[in-house]
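Spelled out, the chains give:
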Amino acid sequence: MKYKTDVVVIGGGAAGMAAAYRAKKEGVDVILLERDEDTGGVLNQCIHNGFGLQYFKKDLTGPEFKEYAKERLEDIEILFGTYVLEVRNDRTIIFVDRRGIHEIETKALVMATGARERHFNSLPVPGKRITGVFTAGLAQRFINLENLKPGSKAVILGSGDIGLIMARRLTLEGIKVEAVLEIMPYPGGLERNVQQCLKDFGIPLYLSHTVTAIEGDRRLEKVIAAQVDYKWDPIPGTEKEFEVDTLITSVGLIPQTKPVDFVETDPGFLVSNTNQTSEDWIFAAGNCTVIFDLVDYVAKEGEKAGKYAAMYAKGEYKKGKKVKVRKGENIGVIHPIYIDPTQESTLYIRVSKVFDRANIKVLPLDVEVIEDEARPPEMIVVKLKPFDENIDEIEVMADELISKLG
Amino acid sequence: MIFLIAVIGGGIVGTLIARELNKYVEDVWLFEAKTNFGMGVTKSNSAILHGGYDDPPGSLRAQLCYKGNQLYTQLQKELNFDLKRVGSHVVAIEDEETKYIYELVKKAEKNGVKEVRVVEKLELLEMEKNINPKAKRSLFCEIAGIFDPWIVAMQAAKSVRINGGRTLIKKRLVEVEKKNGKFLLRFQDKSEYFADLVINAAGLFADDVAKLFGDEVPEIFPVKGEYFLLSKDFQYVNSTIFPVPTGISKGCLVLPTVDGGFLVGPNANRVLSKYDTATTREGLNEIREKGTKLVPNLNFRRHLVKTFAGLRPETEKKDFHIDVGKSGAIHVSGIRSPGLTAAPAIAKYVVEYLIQEKIGMNLYKRENYIPEIEKTPHLIHIDRNEWNDIIQKDPDAGEMICHCNKVTKKEIIDAIKNGARTLDDIKFMTRASFGECQGGFCTAKILKILAEYTGRDPREINQNEDGSWIVNAKVRI
């Protein structure tokens, strides 16, 4: 079948739903392509709360957040069970579903394809390839959606939010969590999750620790962990053994950019503050650009991508000027890395170390933000007004604010 | 009375021998200890079709490797598997290595391999843009190739089934008795079978199996080879890149896999156990370093999919041992590299030379034998119109289950119809869950499909062997 539309959104997760909603609101035709039978993506299996505090001003579970976002999609054409085979630079999109292979001719595209979990197999930890090693997302899917338990006793590697949430989830289902291991000297997830998911349940968190080997004949029998030095090398003599049948890993998310392979990526789509990629008709938002810590940011970015994609389709927004955003001292992640200075922008920043009080500066603009207890896992948001088009580059940096009185 | 031939071992060698015999004799029974064919030595190696230029002239290896390479052209047509003759380079980087390239030319000549040529630096760096720019020259062999060896074993086993033979899994041979001129084979699951002729192709365990017949073959010791599998995201090399070899092995290679990924490895370390397939910290560091010498820009952090280790069945004399034992059983043992390449030639050697000439058995080709078998095509690779037509008849062909390797529900159901019962069966038959996410997205879906189409509970489904369970309980009863 052949379709024709103004804006195609690929991916019906938090970013894609927001993009489709906003593009439609701008008065253009929208088609949303979703590979599952429902929108929401990973939200559907995130049955805990804490979603939507900023975006919907409500404390929601993942499925509730999905329902709120979905309600706004009533008059949008959503094609479920679709898999995009090809995005061509002549602005056609080829996809397959249970009805056949189809083609869409569009004016603009929003990529909202999310991320995948880095797998334990790619770390690389020595040992046999045995069963019992699950990514946190797969374990979560088994428990929350498939009604199946992935084992009886577990160790969790990685204290990112998914790892922390899973520690609590496993405990609630009677799976004993022996330890959560984190290679960094600080927890990888939000402070509230460390408290509510580990401390409240008495689950030990080992910082500066990693898995050095797994053992077992066919199913996992033992996880060996050790403390690491500043280079992440295991320190001999610090080994700990855990007799468990399950290892849950939460060791990072990787932005998914396929099947678009002709725009700039590293590893996610490199976009500007208008969510435009290096191809002016393709916009991108959410975890396929950079990994966000809150779904609220993802939805806001999705809306913005939808707005600019619709404006592009209507001919109201063209290829924006690009001012490079440089990562200065003590900055781990900066997003976006380009700014169209004629438009407002939101910078998402991760510092690269822990600060008591961070002073974040955007140079040469006269913007300074002070952030108490800044930690790499938590994104700091800085808003910028449109600025002088003659500036070629801006730089974001952070340093410890030393009290002038002290 | 039925004349029954038993083949012990369903790796690439055993399955191809069974298939070769099946061209003459209907009652060929193939016994495999694991849960599928090609899951032992056949599965975990470099998966290369060698050119045959570097085996010691006069060895059985040299005699069968080049011949095997040639036989693959026909075999590929009949068994319908992917084979890409991408060629191979043996690359000299250091000054002292360059003369070795000319030694290889002489060796190739002695082995009767004509399809080699010396490639000088400029052309080499043109052909392979990512190899070490210090490379001086290489020996290029255009008939070298890459393929998935386990697919050949699975397809050969299927071919045996289609032509009236039997293929059995989970059959570990534990005892052999000679009774009324026949072999009585006893298996671990207490089953027993009589056979008139037995071929032992038990891979790593061929020496142990020979002992069950009271025969002696050279002792097999396992040599571990470790590998990195890298994703399709960056085209590191176009052909198989060998270093100049050391005495122990052909060295650590960098090569493309048939479905677009890349392998770096192996090393070669003798280990004690025939079950020790664990990767080691030292081993992975070793191949990382050696691989980077060949291709300096290898990015393990970004492109690593997984690591794995395989065992090679090595013997002291480092050559195949293929002969009739005192008991009358035929032992095909010591099938180390280039065993995959030689396999079709080994099958002919066993049937045409050992059985017909040496034992003197008269065999006649069956007129009703069907050499060609079909294979469900990987839909992502066929013509889009053709795929669309398939979806019109079967909507499952339009439902994508594995996003990394683009495998549809139809392909998974077809694999189940062809005998898949475990997650590894699905993985190795269809490539679903073989990609970058390593099953993060599709494992739950595949488990569900397997449960539904085989009428089992997900708790009963294993990754591969018994004991490799995935889930063990329900959250709510």
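(A) Representation of the overall build of chain B in the model. A count of helices and strands for chain B gives 13 helices and 24 strands. A compact globule built from 477 residues should have a C-alpha radius of gyration of about 23 Å, and chain B, at 22 Å, falls within 12% of that. Taken over the C-alpha atoms alone, chain B extends approximately 65 × 60 × 45 Å along its principal axes. In chain B, which comprises 477 residues, the proportion classed as buried is 63%.

(B) Representation of the interface of chain B and chain A within the structure. Each side of the interface is counted separately: chain B has 58 residues, and chain A has 50 residues. Buried surface at the junction of chain B and chain A, both sides included, amounts to about 4,700 Å², of which 52% is carbon and sulfur. The largest contributions to the chain B side of the interface with chain A come from B:Arg281, B:Arg384 and B:Val475, which together make up 13% of the buried area. Remark: the boundary between chain B and chain A carries 9 salt bridges. Our enumeration of links across chain B and chain A arrives at 26 residue pairs in polar contact (both at pLDDT 80 or more).

(C) Structural view of the domain arrangement of chain A. All names here are of chain A. As far as domains go, chain A holds domain 1 (1-117 + 252-319), domain 2 (119-251) and domain 3 (321-406). Taking the mean C-alpha position of each, domain 1 and domain 3 sit 26 Å from one another. Contacts between the two partners involve 18 residues from domain 1 and, on the opposite side, 18 residues from domain 3. For the pair domain 1 and domain 3, the summed buried surface comes to about 1,500 Å²; carbon and sulfur atoms form 52% of the total. Taken together, the connections running from domain 1 to domain 3 amount to 0 salt bridges. Here domain 1 is connected to domain 3 by 9 residue pairs in polar contact (both at pLDDT 80 or more). Per-class residue counts for the side of domain 1 that touches domain 3 are 8 nonpolar, 6 polar and 4 charged.

(D) Looking closely at the pairing of strand 12 (residues 192-195) of chain B. What you see with strand 12 of chain B is a clean split: B:Tyr193 and B:Ala195 sit on the buried side and B:Glu192 and B:Phe194 on the side with no burial. What sits between the antiparallel neighbours strand 11 (residues 182-187) of chain B and strand 12 of chain B is a turn of 4 residues, in which B:Lys190 has the positive phi angle 75 degrees.

(E) Local environment of the sheet that holds strand 24 (residues 331-335) of chain A. All names here are of chain A. Taken together, the 3 strands give an open sheet; going across it, the order is 24-26-29, and neighbouring strands pair in antiparallel fashion. Each edge of the open sheet is held by one strand with a lone partner, namely strand 24 and strand 29 (380-384). For this sheet the average axis-to-axis angle between neighbouring strands, irrespective of direction, equals 25 degrees. As paired strands, strand 24 and strand 26 (residues 345-351) are joined by 4 bridges and run antiparallel to one another. By the bridge assignment for strand 26, isoleucine 331 is matched with valine 351.

(F) Quick peek at the packing of aromatic side chains. Applying the stated criterion across every chain yields a total of 28 aromatic pairs over all chains. Plain terms: the ring middles of B:Tyr72 and B:Phe81 are 6.2 Å apart, the flat faces sit at 90 degrees to each other, and that makes the pair edge-to-face. When its relative accessible area of 0% is taken as the criterion, B:Tyr72 is described as buried. Members of the aromatic cluster, joined through ring pairs, are A:Tyr55, A:Phe56, A:Phe65 and A:Tyr68. A cation over an aromatic ring shows up here: A:Arg72 above the ring of A:Tyr21, its NZ or CZ 3.8 Å from the ring centre.

(G) Spotlight on the domain arrangement of chain B. Residue and element names in this part refer to chain B. Split by domain assignment, chain B resolves into domain 1 (1-83 + 146-220 + 316-375), domain 2 (88-142 + 223-314) and domain 3 (379-460). Each of domain 1 and domain 3 has a C-alpha centre, and these two points are 30 Å apart. Opposite the 10 residues of domain 1 that make contact, domain 3 presents 6 residues. Buried area between domain 1 and domain 3, summed over both chains or domains, comes out near 710 Å², and the portion from carbon and sulfur atoms is 49%.

(H) Seen up close, the packing of helix 2 (residues 60-79) of chain B against helix 9 (residues 339-358) of chain B. Residue and element names in this part refer to chain B. It is the contact of helix 2 with helix 9, at a shortest axis distance of 6 Å, that shows an interaxial angle of 95 degrees. Relative to helix 9, the element helix 2 is oriented roughly perpendicular. The segment helix 2 lies against helix 9, with Leu60, Gln63, Leu64, Cys65, Lys67, Gly68, Asn69, Leu71, Tyr72 and Leu75 engaging Leu340, Thr341, Ala342, Pro344, Ala345, Ile346, Lys348 and Tyr349. Grouping the amino acids of the contact of helix 2 with helix 9 by side-chain chemistry returns 12 nonpolar, 4 polar and 2 charged.

(I) Broad picture of the environment of A:Ser250. Residue and element names in this part refer to chain A. Among the secondary structure elements, serine 250 is positioned in the loop between strand 20 (246-249) and strand 21 (253-255). Taking the C-alpha atoms as reference, serine 250 lies 9.7 Å from glycine 188; in sequence the two are 62 residues apart. At 3.3 Å, the side chain of serine 250 and the backbone nitrogen of glycine 163 are in polar contact.

(J) Fine view of the sheet that holds strand 9 (residues 100-105) of chain A. Taken in spatial order, the 4 strands of this open sheet run 1-9-8-7 (chain A), and their pairing is mixed. Two strands lie at the open edges of the sheet, namely strand 1 (2-4) and strand 7 (83-88) of chain A, each paired on one side alone. When the angles between neighbouring strand axes are averaged without regard to direction, this sheet yields 20 degrees. Of the pairings in the sheet, the one linking strand 1 of chain A to strand 9 of chain A comprises 3 bridges and is parallel in character. Looking at the pairing, A:Lys2 lines up with A:Glu103 of strand 9 of chain A. Helix 10 (residues 384-393) of chain B rests against strand 7, strand 8 (92-97) and strand 9 of chain A of the sheet, and its axis sits at about 125 degrees to strand 9 of chain A.

(K) Quick look at the packing of helix 1 (residues 12-22) of chain B against helix 5 (residues 149-162) of chain B. All names here are of chain B. Their axes nearest at 8 Å, the elements helix 1 and helix 5 cross at an angle of 30 degrees. In terms of their interaxial angle, helix 1 and helix 5 are classed as roughly parallel. Between helix 1 and helix 5 lies a crossing of left-handed hand. From helix 1, Ile12, Thr15, Leu16, Ala18, Arg19 and Asn22 reach across to helix 5, where they touch Pro149, Val152, Ala153, Ala156, Ala157, Ser159 and Val160. Considering only residue class, the contact of helix 1 with helix 5 consists of 9 nonpolar, 3 polar and 1 charged.

(L) The arrangement of the side chain of A:Ser250 in detail. For A:Ser250, a relative accessible area of 13% translates into the label buried. Leave out the neighbours within four places in its chain, and A:Ser250 touches A:Ala136, A:Leu157, A:Gly158, A:Gly160, A:Ile162 and A:Gly163.

(M) Spotlight on the environment of B:Ile416. All names here are of chain B. Within the element layout of this structure, isoleucine 416 appears in helix 11 (residues 409-417). For the pair formed by isoleucine 416 and methionine 429, sequence separation is 13 residues and the distance between their alpha carbons is 9.5 Å. Here isoleucine 416 is in contact with Arg421, Ile426, Ile449, Leu450, Tyr453 and Thr454, once residues within four sequence places are set aside.

(N) Here's a closer look at the pattern of salt bridges. Applying the stated criterion across every chain yields a total of 62 salt bridges over all chains. The salt bridge involving B:Asp207 is made with B:Lys274; its shortest N-O contact spans 2.7 Å. With B:Asp207 in helix 6 (residues 206-212) and B:Lys274 in the loop between strand 18 (269-270) and helix 7 (281-294), the pair connects residues that are 67 residues apart, well separated along the chain. We classify B:Asp207 as buried; its relative accessible area is 4%. Look at the salt bridges and you will find they share partners, linking A:Arg22, A:Glu26, A:Glu303, A:Lys314 and A:Glu316 into a network.

(O) How the structure looks around helix 1 (residues 14-25) of chain A. Residues and elements named next belong to chain A. Its 12 residues place the ends of helix 1 17 Å apart at the C-alpha level, agreeing with the 16 Å of an ideal helix rising 1.5 Å per residue. For helix 1, the tally of buried residues reaches 9 of 12 residues, placing the bulk of the element in the interior. Inspection of helix 1 places Ala14, Ala15, Gly16, Met17, Ala18, Ala19, Ala20, Tyr21 and Ala23 among the buried residues, and these make up the whole buried set. Buried residues along helix 1 sit in contact with strand 2 (7-10), strand 3 (30-33), helix 2 (62-71), strand 10 (108-111) and helix 6 (295-314). Remark: glycine 27 follows helix 1 within two positions and exhibits a positive phi of approximately 90 degrees.

(P) Region of interest: helix 2 of chain A. Residue and element names in this part refer to chain A. For helix 2, the set of buried residues is Gly62, Phe65, Lys66 and Ala69. Considered in projection along helix 2, the buried side chains sweep an arc of 100 degrees and stay on one side of the axis. The elements touched by buried residues of helix 2 are helix 1, strand 4 (49-51), strand 5 (60-61) and helix 6.

Cut-offs used in this document
Residues numbered from 1 in each chain as written. Chains lettered and ligands numbered in written order. Predicted model: local features only at pLDDT ≥ 70, side-chain atom pairs only at ≥ 80, totals over all residues. Heavy atoms only, no water. Helix = DSSP H or I, 4+ residues; strand = E, 2+ residues; numbered from the N terminus. Rg over C-alpha atoms; globule rule 2.2 N^0.38 Å. Buried < 20%, exposed > 50% of the residue type's maximum accessible area, 1.4 Å probe, protein only. Contact = heavy atoms within 4.5 Å. Buried area = accessible area lost by both parts, 1.4 Å probe. Salt bridge = Lys/Arg side-chain N within 4 Å of Asp/Glu carboxyl O. Polar contact = N/O pair within 3.5 Å; in protein donor to acceptor, adjacent residues only side chain to side chain. Domains from an automatic or database assignment. Nonpolar A, V, L, I, M, F, W, Y, C, P; charged D, E, K, R; others polar. Pairing = 2+ DSSP bridges. Axes fitted to C-alpha atoms, helices over the stretch in contact; angles between N-to-C directions. Phe/Tyr/Trp six-rings, centres within 6.5 Å; stacked < 30°, edge-to-face > 60°. Lys NZ or Arg CZ within 6 Å of the ring centre and 35° of its normal. Parallel < 35°, antiparallel > 145°, perpendicular 65-115°, else oblique. Left-handed = near helix turned anticlockwise from the far one by under 90°. Expected span 1.5 Å × (residues − 1). Arc of directions from axis to C-beta.

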